[in-house]
2 protein chains.
Amino acid sequence: MRVAVVGATGAVGQEILKVLEARNFPLSELRLYASPRSAGKRLSFRGEEIPVEPLPEGPLPVDLVLASAGGALSKALAPVWAEGGALVVDNSSAFRYEPWVPLVVPEVNREKIFTHRGIIANPNCTTAILAMALWPLHRAFHAKRVIVATYQAASGAGAKGMEELLHETHRFLHGETPKAEVFAHPLPFNVVPHIDAFQENGYTREEMKVVWETHKIFGDESIKISATAVRVPTLRAHAEAVSVEFARPVTPEAAREVLKEAPGVEVVDEPEAKRYPMPLTASGKWDVEVGRIRKSLAFENGLDFFVVGDQLLKGAALNAVQIAEEWLKGA
Amino acid sequence: MRVAVVGATGAVGQEILKVLEARNFPLSELRLYASPRSAGKRLSFRGEEIPVEPLPEGPLPVDLVLASAGGALSKALAPVWAEGGALVVDNSSAFRYEPWVPLVVPEVNREKIFTHRGIIANPNCTTAILAMALWPLHRAFHAKRVIVATYQAASGAGAKGMEELLHETHRFLHGETPKAEVFAHPLPFNVVPHIDAFQENGYTREEMKVVWETHKIFGDESIKISATAVRVPTLRAHAEAVSVEFARPVTPEAAREVLKEAPGVEVVDEPEAKRYPMPLTASGKWDVEVGRIRKSLAFENGLDFFVVGDQLLKGAALNAVQIAEEWLKGA
């Protein structure tokens, strides 16, 4: 299995390398591609230093492309790589809403992998993390209405987002006024309810991604979903406060039992021991943490819960590698 | 009008002094009280340096007590001050749920001030800020269901909370592991879904305060409210993502018109100009910022919006001084 990582020097690209190594992905050859600016660097993989190549315009000499280099680039080149014979797992939003492109969280809709026509889309990070907790509950109790408020980390804007947060926080602590180039406004000691572009309906594209992608991944457009996406000064794990109305009766105990059985989910729900999901504990973890599970006070059959997942892992690199693993296992 | 500020050296106490001065509160004498540890300090007010006195056990020689020194102290002494002839505006949660104690946001239920029996309670900061936006909308469209996720600043834990956040952030940036003494877990680059004690129903007391206090202030227990209260690494403004289902039809335009007329509310809702409520802009401001107003995708007659208010001002000091001002104006 010859594998290419496109965008290898980015925050997600580097995590893809770590995940491939940690999960012992069966590859025979690894090619790393990035922008000409980064080409010439070397990245470590299984003890070897692998050179980063500039991305050619044509097909890539591999069987699998894990792409994380932005929507415009994927839009232009993913079809070329696919026509060249590779399966492309694309982390950008370029193909997610194409009806012919599967959008996959393996724990939810693994079967869609095998309908691919050369490209499989990896979901938006917030959606993937939400889906991990919501899908098992939806299967058990049937979600009718979902309200999500997010606490999204700087890593959603890539390595440069994390750098800006750290650098500007440092400047703030030294009495300087923080600046914003990556984010819409300075992020240190602030929260910014603006991620991606505003849409005509007043929602941001980031908020609508949660709606569109959850519907597509679950194969159920009847669930009513409303989201508020907020950037907060954390580094690499997204948190989400979720309220769900279910069609069927539900209790926190029953929900916990369902979630304990769910793959990729860790129930962290011992409030008296101060154990609940947090970026501090979920960062670097493959599983998504779910906790603060309680009966909603707003809905008759409802639950409130808090879910936190590593934005760079289940929100991006890990899910992409898992898609490739399942593809290799076969239908 | 002889005024005492109890807890004068705390984060809220110091803001009370600034608000009294900025609003030219008609006082003839100002006494400052704090714990013996802080007694002997001097605080500036209208160009004078006023000594901080240790709090005596008996009544205070004033007409008005603005108390912000914790629940235990208020529980013990507010009745003594009231029996001594002073009106006590108490910032703690000690008396908020007593049926005989008015709980007041002047823009909402000013008339309750005049039913007092010596003590008026100042609401929880999150509730006061939410009430500013929710009340005018409730009057116009009748709220049935409210779902709130909060982004609460370190100042909610007082000056020592703000100090811990700054100090531990500094340590984090220098490669050290942040510690937590004030907060349940380290706050730098983290979010913590745990404020105040956990209740039997799985909600924290901070979350239940939003329910209990909104019901009492609005005089309407029929509104179903569910809250998730989360501490985030900001300094002194609380943000809240709010979803509301109304009984009557509502549009974002109609809601904006209502909120533009509401006292104490600033509509900050020009997303295309990157103008929306943020801690960065709401800190130090008397008005509460409301924006991101949009039709809810979860409810037929619903709105989503984002509200941010200074936790130390409308969330505490300003509201307390406003209660005293309205009391002076009379029924």
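Under the annotation held in an unreviewed UniProt entry, chain A carries the name Aspartate-semialdehyde dehydrogenase and is attributed to Thermus parvatiensis. What UniProt records for chain A under Sequence similarities (unreviewed entry) is the sentence "Belongs to the aspartate-semialdehyde dehydrogenase family." Listed in UniProt under the heading Subunit (unreviewed entry), the comment for chain A reads: "Homodimer."

Before going further, it helps to examine unusual backbone geometry. Residue and element names in this part refer to chain A. Even without being a glycine, His142 presents a positive backbone phi close to 65°. With respect to the helices and strands, His142 occurs in the loop between helix H4 (125–141) and strand E8 (143–151). On the accessibility criterion, His142 (28% relative accessible area) is partly exposed.

All right, on to the interface of chain A and chain B then. On the side of chain B, 60 residues touch chain A, which itself brings 59 residues to the contact. For the interface between chain A and chain B, the tally reads four salt bridges. Here Glu207(A) ties to Arg292(B) by a salt bridge, and the two come within 2.7 Å at their closest N and O atoms. For the pair chain A and chain B, the interface holds 32 residue pairs in polar contact (both at pLDDT 80 or more). Taken together, the elements giving at least two residues each to the side of chain A that touches chain B come down to E8, helix H5 (158–173), helix H6 (205–218), strand E9 (224–228), strand E10 (237–246), helix H8 (279–282), strand E12 (288–295) and strand E13 (302–310) of chain A. Looking at the side of chain A that touches chain B residue by residue, the classes come out as 36 nonpolar, 14 polar and nine charged.

Right, let's talk about the pairing of strand E8 (residues 143–151) of chain B for a bit. Residue and element names in this part refer to chain B. For E8, a buried count of eight out of nine residues is recorded, marking the element as mostly surrounded by other parts of the structure. Pairing analysis gives eight bridges linking E8 to strand E10 (residues 237–246), with the strands arranged antiparallel. Paired with Tyr151 across the bridge in E10 is Ala239. Bridge analysis of E8 against strand E9 (residues 224–228) gives five bridges, and the strand direction is parallel. Within the sheet, the bridge partner assigned to Ile147 lies in E9 and is Ser226.

Glancing now at the UniProt feature "active site" (unreviewed entry) in chain A. Residue and element names in this part refer to chain A. Mapped onto the present numbering, the UniProt feature "active site" (unreviewed entry) falls on Cys125 and His238. The named residues occupy 114 residues along the chain; their greatest pairwise C-alpha distance, 8.1 Å, places them in one compact cluster. Within the fold, Cys125 resides in helix H4. According to the relative accessible area criterion, His238 is buried, its value standing at 0%.

Most of E10(A) is tucked away, with 10 of its 10 residues classed as buried. Of the two faces of E10(A), the one holding Ala237(A), Ala239(A), Ala241(A), Ser243(A) and Glu245(A) and the one holding His238(A), Glu240(A), Val242(A), Val244(A) and Phe246(A) are both buried throughout.

In total, this model carries 50 salt bridges over all chains according to the counting rule given. Its salt-bridge partner being Arg145(A), residue Glu245(A) comes within 2.7 Å of it at the nearest N-O pair. In this pair, Glu245(A) sits in strand E10 while Arg145(A) sits in strand E8, placing the two residues 100 residues apart along the sequence. Pair check on accessibility: Glu245(A) and Arg145(A) agree, each one buried. Among the salt bridges present, the one from Glu207(A) reaches Arg294(B), with a minimum N-O distance of 3.7 Å.

So, on to the domain arrangement of chain A. All names here are of chain A. Here the domain parsing of chain A yields domain 1 (2–122 + 316–330) and domain 2 (127–153 + 191–310). With 16 residues of domain 1 in contact, the opposing surface of domain 2 contributes 15 residues. The junction of domain 1 with domain 2 conceals about 1400 Å² of combined surface from both sides, 64% of it contributed by carbon and sulfur atoms. Of all residues in domain 1, Tyr97, Glu107 and Val108 bury the most surface against domain 2, accounting for 39% of the area lost on that side.

Turning our eyes to something else, we now look at the sheet that holds E9(B). All names here are of chain B. Pairing is mixed in the open sheet, where six strands are placed in the order E9-E8-E10-E13-E12-E11. Each end of this open sheet is capped by a strand with a single partner; those strands are E9 and strand E11 (265–267). When the angles between neighbouring strand axes are averaged without regard to direction, this sheet yields 25°.

Turning our eyes to something else, we now look at the environment of Pro271(A). Its location among the elements puts Pro271(A) in the loop between strand E11 (265–267) and H8. In this structure the C-alpha to C-alpha distance between Pro271(A) and Ile293(A), which are 22 residues apart in sequence, comes to 9.9 Å. Not counting chain neighbours up to four residues away, the residues in contact with Pro271(A) comprise Tyr276(A) and Phe198(B).

Another aspect to go through is the UniProt feature "binding site: phosphate" (unreviewed entry) in chain A. All names here are of chain A. UniProt's entry tags Arg96 with the feature "binding site: phosphate" (unreviewed entry), counted in the numbering of this structure. Of note, Arg96 is situated in the loop between strand E6 (87–90) and helix H3 (106–109). Of the residues examined, Arg96 reaches a relative accessible area of 5% and is grouped as buried. Beyond its immediate sequence surroundings of up to four residues, Arg96 is in contact with Asn91, Leu103, Ala121, Asn122, Pro123, Asn124, Lys209, Glu213 and Lys216. A polar atom in the side chain of Arg96 sits 3.0 Å from the backbone oxygen of Asn91.

With an RMSD of 0.0 Å, the operation that places chain A on chain B is a rotation of 180° combined with a shift of 0.0 Å along the axis. The operation mapping one copy onto its partner corresponds to a two-fold rotation axis.

Chain-level pLDDT for chain A is 97 on average; 100% of the residues reach the 70-or-more range. Note on the complex model: pTM 0.97, ipTM 0.97.

We now examine the sheet that holds strand E5 (residues 64–67) of chain A. Residues and elements named next belong to chain A. Spatially, the seven strands line up as an open sheet ordered E3-E4-E2-E1-E5-E6-E7, and their pairing is mixed. In this open sheet, the two strands that pair with only one neighbour each are strand E3 (42–45) and strand E7 (119–121). Between one strand axis and the next, the sheet turns through 25° on average, direction left out of account. Pairing geometry for E6 and E7, over three bridges, is parallel. In the strand pairing of E7, Val88 is matched with Ile119. Where helix H1 (residues 11–22) meets the sheet, its contacts fall on strand E1 (2–6), strand E2 (29–34), E3 and E5, and the angle it forms with E3 comes to roughly 25°. With respect to the sheet, helix H2 (residues 71–83) is in contact with E1, E5, E6 and E7, its orientation differing from that of E6 by roughly 160°.

How each quantity is defined
- Residues numbered from 1 in each chain as written.
- Chains lettered and ligands numbered in written order.
- Predicted model: local features only at pLDDT ≥ 70, side-chain atom pairs only at ≥ 80, totals over all residues.
- Heavy atoms only, no water.
- UniProt positions renumbered as here; feature names shortened; annotations may be inferred.
- Helix = DSSP H or I, 4+ residues; strand = E, 2+ residues; numbered from the N terminus.
- Buried < 20%, exposed > 50% of the residue type's maximum accessible area, 1.4 Å probe, protein only.
- Contact = heavy atoms within 4.5 Å.
- Salt bridge = Lys/Arg side-chain N within 4 Å of Asp/Glu carboxyl O.
- Polar contact = N/O pair within 3.5 Å; in protein donor to acceptor, adjacent residues only side chain to side chain.
- Nonpolar A, V, L, I, M, F, W, Y, C, P; charged D, E, K, R; others polar.
- Pairing = 2+ DSSP bridges.
- Domains from an automatic or database assignment.
- Buried area = accessible area lost by both parts, 1.4 Å probe.
- Axes fitted to C-alpha atoms, helices over the stretch in contact; angles between N-to-C directions.
- Least-squares fit on C-alpha atoms with pLDDT ≥ 70 in both.
- pLDDT = per-residue confidence, 0-100.

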